[in-house]
2 protein chains.
Amino acid sequence: MTRIYTAALVIIGDEILSGRTQDKNVAQIAQWLNVQGIRLQEVRIVADVEAAIVEAVNALRVRNDYLFTTGGIGPTHDDITVDAIAAALGVPVVVHPRAEQMLRDYYARIGKEPTPARMSMARVPQGADLIDNPVSGAPGIKVGNIFIMAGIPHITAGMLEGLTGTLEGGRPLVSVTVGAYSPESEVADLLREVVKAHPQVALGSYPFLKEGRYGSNFVMRAESKDDAAACAEALAEKLRGAGYDPIIGGL
Amino acid sequence: MTRIYTAALVIIGDEILSGRTQDKNVAQIAQWLNVQGIRLQEVRIVADVEAAIVEAVNALRVRNDYLFTTGGIGPTHDDITVDAIAAALGVPVVVHPRAEQMLRDYYARIGKEPTPARMSMARVPQGADLIDNPVSGAPGIKVGNIFIMAGIPHITAGMLEGLTGTLEGGRPLVSVTVGAYSPESEVADLLREVVKAHPQVALGSYPFLKEGRYGSNFVMRAESKDDAAACAEALAEKLRGAGYDPIIGGL
């Protein structure tokens, strides 16, 4: 049994909580973490309120190997993530010299003034390093085990790209999906038997309604590809025995 | 100042945390709550693990008027929400007689056996009422201030439909959006002035990149439509003064 590495994610965003914006960062970061061999354990979506950010950050940073945050690192009045995380850590906010230089260079290159609002994006919790932002000017921030990322999904993606392969992780979970037009309640007993016979595999059942037909995707996750595949084969055989036509790969 | 009613949401779902499934319930429930005059304060996405569900439910139910959960109420082995919430409340799980009858009727109507797995969906925390499910057989559950809903978005939607107008709420927040192709960092100072002059309005700035151009939507939220509209007009005027072409309604 290899060590399991875990992460949590705090999404800082009134716009998600109001229903105005559809979140895309949970799925994007979860998938990226899987590839790094790190499991996303919990997500919290909190308001742009310092006390809410502090509570979530302090609850989750101590019980996970890594904590990611998205949102609230721009130049406007509602961008309070850096101050909130500094408060959570009990450290002051300082100007990061390299961030300052990067922002000066960036704005000179695009012919804009380095206004105080723009230069505020060089502020970091004391002790922080920078995370490259290949998309726009302002860098992300790494402080302790906290990775402070942009909220706009394609900028987040750029920052993740740069972090790929830099975090210590375990063995990525391998997953195999078996889909069938089998209503969950028809196959619940059969699933329980498969779960019991394959204790090293986590088996999730995800029902769907497609073109008027109920069915389920059954997802097997394991550290070993062979374990997941053997479980999938056992499940498929039982589904065929019950009169269904299972599709390895999912529906 | 009217009383503010708040809600939290706990999403129970390994499939969201693995990145396999894109969540749609946050936005759907947030928008529905807005119409009821209830503000979504926090969302937690937790694994299909009893301790994780218990912790999230107990943290959030006491500090909000309402707590919603989605997911984990089907008939399979990984559906543990009812047991976890009963554990959180310190009450036993019982069979709800009306739920039992509804399920018996439903399965008789569609010509299926009332197997133990299917009838397990009549299990509720002691003291619970049912929430109608107009889409499929198994009802949602209301216990105290907790609303236990299905995870499949169109079934969740059906349950919300039936709850519309039944929860006590405050005045819905009115929002007005002003959009412009103004990079946030160009207008941060101007925004601060508008925020200072309209303390009764919450002003959020949401940057975007559309067809290669950076811009922002500025969302004004207030209890009073007049307050939001006056703030939007003041912001639009300042944006025009800075050389932008603001669009009321957003971009």
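Residues numbered from 1 in each chain as written. Chains lettered and ligands numbered in written order. Predicted model: local features only at pLDDT ≥ 70, side-chain atom pairs only at ≥ 80, totals over all residues. Heavy atoms only, no water.

Okay, the interface of chain B and chain A next. Listed per partner, the contact involves 60 residues of chain B and 60 residues of chain A. In total, chain B and chain A occlude about 4700 Å² of area from one another, counting both sides; carbon and sulfur atoms represent 51% of this. At the junction of chain B with chain A, the criterion picks out eight salt bridges. Our count for the chain B to chain A interface comes out at 24 residue pairs in polar contact (both at pLDDT 80 or more). Residue assignment for the side of chain B that touches chain A shows that the elements contributing at least two residues are α1 (14-17), α2 (25-36), β2 (38-46), α6 (116-119), α8 (184-197), β10 (202-210) and β11 (213-222) of chain B. Relative to β2(B), strand β2 (residues 38-46) of chain A runs antiparallel, the two being bridged by five bridges. Across the sheet, the residue bridging to A:V43 is B:I45, located in β2(B). (Contact = heavy atoms within 4.5 Å. Buried area = accessible area lost by both parts, 1.4 Å probe. Salt bridge = Lys/Arg side-chain N within 4 Å of Asp/Glu carboxyl O. Polar contact = N/O pair within 3.5 Å; in protein donor to acceptor, adjacent residues only side chain to side chain. Helix = DSSP H or I, 4+ residues; strand = E, 2+ residues; numbered from the N terminus. Pairing = 2+ DSSP bridges.)

All names here are of chain A. Reading across from one edge, β10-β11-β9-β12 is the order of the four strands in this open sheet, with antiparallel pairing throughout. With one partner strand each, in any of the chains shown, β10 (202-210) and β12 (247-248) form the two edges of the open sheet. Those strands touched by helix α8 (residues 184-197) are β10 and β11 (213-222), and its axis lies near 165° from that of β10. (Axes fitted to C-alpha atoms, helices over the stretch in contact; angles between N-to-C directions.)

Moving on to the relation of the copies chain B and chain A. Of the two same-sequence chains, chain B is brought onto chain A (RMSD 0.0 Å, axial shift 0.0 Å) by a rotation of 180°. With respect to symmetry, the two chain copies, as superposed, fit the operation of a two-fold axis. Closest approach to the rotation axis among the C-alpha atoms of chain B is made by B:R44, whose C-alpha sits 2.2 Å away. Both copies contact each other with a shared surface, as 100% of the interface residues of chain B are interface residues in chain A too. (Least-squares fit on C-alpha atoms with pLDDT ≥ 70 in both.)

What follows is about helix α5 (residues 97-109) of chain B. Along its 13 residues, α5(B) runs 18 Å from first to last C-alpha, staying within 8% of the 18 Å computed at 1.5 Å per residue. Three or more residues of α5(B) are buried, namely B:A99, B:L103, B:Y106 and B:Y107. Projected onto a plane normal to the axis of α5(B), the buried residues spread over an arc of 90° and lie on a single side. In α5(B), the exposed positions that point more than 90 degrees away from the buried face belong to B:P97, B:A108 and B:R109. For α5(B), the secondary structure elements touched by its buried residues are α8 of chain A together with α6 and β6 (129-131) of chain B. With its phi angle positive at about 70°, B:G111 sits one or two positions after the end of α5(B). (Expected span 1.5 Å × (residues − 1). Buried < 20%, exposed > 50% of the residue type's maximum accessible area, 1.4 Å probe, protein only. Arc of directions from axis to C-beta.)

This part is about the environment of A:L191. Counting through the fold element by element, A:L191 comes out in helix α8. Take A:L191: its relative accessible area is 0%, and that puts it in the buried class. Taking the C-alpha atoms as reference points, A:L191 and A:I155, 36 residues apart in sequence, are found 41 Å from one another. If we skip the residues at most four places from it in the chain, A:L191 touches A:L203, A:S205, A:F218, A:L235, B:T76 and B:H77.

So, on to the packing of α8(A) against helix α9 (residues 225-241) of chain A. Residues and elements named next belong to chain A. In the contact formed by α8 and α9, the axes pass within 10 Å of each other and the chain directions differ by 150°. With respect to their mutual orientation, α8 and α9 come out roughly antiparallel. Considering how the two elements wind past one another, α8 and α9 form a crossing that is right-handed. On α9, the residues touching V187, L190, L191, E193 and V194 of α8 are C231, L235, K238 and L239. Of the residues assigned to the contact of α8 with α9, the class counts are seven nonpolar, no polar and two charged. (Parallel < 35°, antiparallel > 145°, perpendicular 65-115°, else oblique. Left-handed = near helix turned anticlockwise from the far one by under 90°. Nonpolar A, V, L, I, M, F, W, Y, C, P; charged D, E, K, R; others polar.)

Turning our attention to the sheet that holds strand β7 (residues 140-143) of chain A. Read across the open sheet, the twelve strands follow the order β6(A)-β7(A)-β8(A)-β3(A)-β1(A)-β2(A)-β2(B)-β1(B)-β3(B)-β8(B)-β7(B)-β6(B); overall the sheet is mixed. Each end of this open sheet is capped by a strand with a single partner; those strands are β6 (129-131) of chain A together with β6 of chain B. Adjacent strand axes in the sheet meet at a mean angle of 20°, parallel and antiparallel pairs treated alike. As paired elements, strand β1 (residues 5-12) of chain A and strand β3 (residues 66-70) of chain A share five bridges and run parallel to each other. Along β3(A), the bridge assignment pairs A:I11 with A:T70. Where helix α3 (residues 50-61) of chain B meets the sheet, it contacts β2 of chain A together with β1 (5-12), β2, β3 (66-70) and β8 (146-149) of chain B, and its direction lies at approximately 165° from that of β2(B).

Quoted interface sizes are often the accessible area lost when the parts come together. Per the domain assignment, the segments making up chain A are domain 1 (5-163) and domain 2 (174-248). Put simply, the middle of domain 1 of chain A and the middle of domain 2 of chain A, counted by C-alpha atoms, are 38 Å apart. (Domains from an automatic or database assignment.)

Right, let's get into the pairing of strand β9 (residues 174-180) of chain A. Residue and element names in this part refer to chain A. Summarising burial for β9: five of the seven residues are buried, a large majority. Inspection of the sheet shows β9 paired to β11 by seven bridges, in the antiparallel sense. What sits directly across from G179, in β11, is N217. Looking at chain direction, β9 and β12 are connected through two bridges and run antiparallel. Bridging from a neighbouring strand, G179 pairs with I247 of β12.

Let us now look at unusual backbone geometry. Residue and element names in this part refer to chain A. Notably, E211 is not glycine yet its phi reads approximately 45°, a positive angle. Residue position: E211 is located in the loop between β10 and β11. On the basis of relative accessibility, which here comes to 80%, the residue E211 falls in the exposed class.

The next subject is the packing of aromatic side chains. Aromatic ring pairs are described here by two measures, namely the spacing of the ring centres and the angle between the planes. Per the stated rule, a full pass over the model turns up ten aromatic pairs over all chains. Each ring, one from A:Y106 and one from A:Y107, has its centre 5.1 Å from the other, and the planes form 80°; the classification is edge-to-face. On the basis of relative accessible area, A:Y106 is assigned to the buried category, the value being 18%. Between B:Y66 and B:F147, the ring centres sit 6.1 Å apart and the planes meet at 65°, which makes this aromatic pair edge-to-face. Of the two residues, B:Y66 sits in strand β3 while B:F147 sits in strand β8, which places them 81 residues apart along the sequence. Note on B:Y66: relative accessible area 11%, which makes it buried. Just above the ring of B:Y5 sits the side chain of B:R3; from NZ or CZ to the centre is 4.0 Å. Positioned above the aromatic ring of B:F208 is the side chain of B:K210, whose terminal nitrogen or guanidinium carbon lies 4.5 Å from the ring centre. (Phe/Tyr/Trp six-rings, centres within 6.5 Å; stacked < 30°, edge-to-face > 60°. Lys NZ or Arg CZ within 6 Å of the ring centre and 35° of its normal.)

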